[in-house]
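One-letter residues, chain by chain:
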Amino acid sequence: MPVRTHTQEPVTAELDRSALDFTPWRFWADADDAQRDRQLALQAELGRDRGYELGERCFVSEQASVTNEVLELGDRAYVAAGAYVSGTLRAGRDCSLNPYTVVRGDVRLGDAVRIGSHTSVLGFNHSMDPETEVHRQPLTSAGITIGDDVWIGSHVVVLDGVTVGDKAVLAAGAVVTKDVPAGAVVGGNPARLIRWRVPETAAAPAAGGLAREVREFADRAHEQARTLLDRCWDPATGLFVDAPGTAPTVRAQCDAVEIADLLLGGPPPQLPAEEQVDRLRSWQDPATGMVGELGADLVPVPPRPGLFDPAAGYHVLSVGYALDLLGSAFAHPVAVVADATPADVIDGLERQDWEAGAWSAGHWVDILGTAMHGNHRAGVAGSPGAQESLLGWLLARADPRTGMWGTPGGPEGLLQVVNGYYRASRGTFAQLGLPVPFPERVVDTVLEHARDPRFFRPERQNACNVLDVAHPLWLTRGTGHRGDEVVELARGLLAQALRRWSAGEGFSFQAAHPSTAGTPGTTPGLQGTEMWLAIVWLLADLAGLSDQLGYRPRGVHRPEPVER
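Residues numbered from 1 in each chain as written. Predicted model: local features only at pLDDT ≥ 70, side-chain atom pairs only at ≥ 80, totals over all residues. Heavy atoms only, no water.

Novice: Any details on the layout of surface pockets? Residues and values, ideally.
Specialist: To find leftover empty space, a probe the size of one water molecule is rolled over the atoms. One number sums up the size of the second largest pocket: a volume of about 770 Å³. In terms of lining residues, the second largest pocket is bounded by 27 residues, among which T140, A142, L414, E448 and D452 are the most central. Contributing elements (two or more residues each) for the lining of the second largest pocket: β12 (125-126) and α14 (439-449). Tallying contributions element by element places α14 first for the lining of the second largest pocket, with 3 residues. (1 Å grid on protein atoms, 1.4 Å probe; cavity = no way out; pocket = protein on both sides within 12 Å on 5 of 7 lines; lining within 4 Å. Points joined across faces, edges and corners; volume = space filled by probe spheres on them. Helix = DSSP H or I, 4+ residues; strand = E, 2+ residues; numbered from the N terminus.)

Novice: I'd love a proper account of unusual backbone geometry, names of residues and values included.
Specialist: With an omega of -5 degrees, the peptide bond between N189 and P190 qualifies as cis. One can find P190 in the loop between β20 (184-187) and β21 (192-196). A cis amide bond, omega -5 degrees, links L307 with the succeeding residue F308. Mapped onto the elements, F308 comes out in the loop between α6 (273-282) and α7 (310-313). Phi at D149 takes a positive value of approximately 55 degrees, unusual for a residue other than glycine. Along the chain, D149 falls in the loop between β14 (144-146) and β15 (151-152). A residue is classified by how much of its surface remains accessible, and D149, at 26% relative accessible area, is partly exposed. (Buried < 20%, exposed > 50% of the residue type's maximum accessible area, 1.4 Å probe, protein only.)

Novice: Now, about the state of the cysteines: what can you tell me, with residues and values included?
Specialist: The full count for this structure, using the stated rule, is 0 disulfides. Unpaired in this structure, C58 has its nearest cysteine sulfur neighbour in C95, at a distance of 9.4 Å. Summary of cysteine pairing: C232 is not part of a disulfide, and the nearest cysteine sulfur, belonging to C254, is at 14 Å. Accessibility expressed as a relative area gives 1% for C232, which makes it buried. (Disulfide = S-S within 2.5 Å.)

Novice: Tell me about the confidence of the model for the chain, and please be specific about residues and values.
Specialist: Of the residues in the chain, 93% have a pLDDT of 70 or more, and the chain-wide mean is 90. Model confidence for the chain, summarised as mean pLDDT per element, is weakest for helix α1 (residues 11-22) at 64 and strongest for strand β23 (residues 239-240) at 98. Across residues 4-15, where pLDDT falls below 50, the model places 11 contacts with residues more than four positions away in sequence or in other chains. Confidence over residues 200-207 falls short of pLDDT 50; this stretch has 23 contacts with residues more than four positions distant or in other chains. (pLDDT = per-residue confidence, 0-100. Contact = heavy atoms within 4.5 Å.)

Novice: Any details on the sheet that holds β15? Residues and values, ideally.
Specialist: Taken in spatial order, the 8 strands of this open sheet run β2-β5-β8-β10-β15-β18-β20-β21, and their pairing is mixed. The open sheet is flanked by β2 (59-60) and β21, the only strands paired with a single partner. For strand β10 (residues 114-115) and β15, the ladder comprises 2 bridges, and the chain directions are parallel. When the bridges of β15 are listed, R114 appears paired with W151. (Pairing = 2+ DSSP bridges.)

Novice: Any chance you could break down the packing of α14 against helix α16 (residues 463-475) for me, citing the residues and the numbers?
Specialist: α16 packs onto α14 with a crossing angle of 155 degrees between their chain directions and a minimal axis gap of 10 Å. By the angle between their axes, α14 is roughly antiparallel relative to α16. Pair α14 / α16 crosses with left-handed handedness. Where α14 approaches α16, its residues V442, V443, V446 and H449 are matched on the opposing element by V469, P472 and L473. In terms of residue class, the contact of α14 with α16 is made up of 6 nonpolar, 1 polar and no charged. (Axes fitted to C-alpha atoms, helices over the stretch in contact; angles between N-to-C directions. Parallel < 35°, antiparallel > 145°, perpendicular 65-115°, else oblique. Left-handed = near helix turned anticlockwise from the far one by under 90°. Nonpolar A, V, L, I, M, F, W, Y, C, P; charged D, E, K, R; others polar.)

Novice: Which residues make up the packing of aromatic side chains, and what are the values?
Specialist: Within the structure shown, the criterion is met by 14 aromatic pairs. A ring pair is formed by W25 and Y78, whose centres lie 6.3 Å apart and whose planes are at 50 degrees; its orientation type is tilted. Of the two residues, W25 is situated in the loop between α1 and α2 (27-30) and Y78 in strand β5 (residues 78-79); the sequence distance between them amounts to 53 residues. Using a relative accessible area of 7% as the deciding quantity, one classes Y78 as buried. Between F217 and W501, the aromatic rings sit 5.5 Å apart at their centres with planes inclined by 85 degrees, giving edge-to-face as the arrangement. Of the two residues, F217 is situated in helix α4 (residues 207-231) and W501 in the loop between α17 (483-498) and α18 (526-542); the sequence distance between them amounts to 284 residues. For the pair F217 and W501, one class covers both residues: buried. Feature note: the residues F217, W501, F507 and W532 constitute an aromatic cluster, connected by ring pairs. Residue placement shows R477 over the ring face of W474; its charged tip is 3.6 Å from the ring centre. (Phe/Tyr/Trp six-rings, centres within 6.5 Å; stacked < 30°, edge-to-face > 60°. Lys NZ or Arg CZ within 6 Å of the ring centre and 35° of its normal.)

Shown next, in the form of structure tokens:
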């Protein structure tokens, strides 16, 4: 395309058709049979030759430039004269691209999205290498997602990476550079919140509405806590499973302890607390101090020596904090950490793949820092200078551009460094109550990452990715840096999280959505519930609403530093 073709029809017919090209919402009511036949023939050609998928009673003007690789229009969607459409566009029903609209790149529209004339929705960008002329640089595309029932005024610009929530309004002339919460009315350059279109909806409640939602969620969670724990209790083994039909794991026992502490104010009622303590303590390997994963005989497999057995690593956190919540502690020190010298610590840090695997590297740091703390509380100081070597290395290696450790980039963008930052800072600075380096840059990096629709569209969220944004923002909240944006993001993520609770079952790790059907982690279970309960508290606290929950994390995801 362009799809326009020249004919020898009379001028009057051309003028009639032109008028409907600019008012396409009138086409199927006002067009004559010849005009309708011509439009249907054009759509058939576009479907046959270009593979476009067009719904019932759509309209595509012959005076539009339509050059998409992928085009899907729902029923009664239309593209008016002068529109310029390219890339990948998937639009729901009753969507309108009015005259001279530009929609390019990777763009997804929900149902009933109305786009005013001369608006540009640009789901792509150029890279910024100053040594290369712009026209020679490769294009990037994070994509734009616009929810249902969104009104976009005339002369609006929406930039790549933005997500616009349901029922939002983008006022005429707005330049939208960041996500717009559901139900918000935004305007200006850059666009800012003006007011709420739908202040009391579940999609985008104002302060009072969101507070009510938080209270109602908390009431449900407290009432249903016993039911969801019963659901994951296996009487045959006397152990918890993450979800019905799965095998018992060490972590499932610990998640049950955390959930019961949060929602019931005590240990899980399925087993006396003393028996739970005895079992968790008995699972620790005296030689290494680690807890291996359960084997087929439901006895932990002895962990391998050294820093750290991957199958046992997280158990330093989960079992250690579960025992703490039950009023106990490990029976033995974590010997592989107690024996580590400063040189061993530095060598271990240097061996981590900070460039391509910052999450795994942060995981390693979290285990090390938590084991050091646990040993200190047990009166085992470890090698002199080992903890100082860990903290000193992290301080010296923090990137002043991002505030984090590791190298951003590659196909995952900022995902590795942000997720790795949560793990590394949680087990060290946060756990010990020490200030993090470059906290304002941390906020900048997290806010940039949270705009990535690959991970933060509602249907693509999972507990790790949202937790690893919520905790760093909570940890750095004292700076006040970009505070309005932090609160806005927290409120949006919180509203989405509250809607994921499954009655009597809790949360799934991965957001359940038709597009994620069959994806691992979409079944509600103990791990997802434990993590999302902590996430909800962190987000609610950033939004000033945590007092509505009636709980505060005290285990792995506790907000306060531990006692030293």
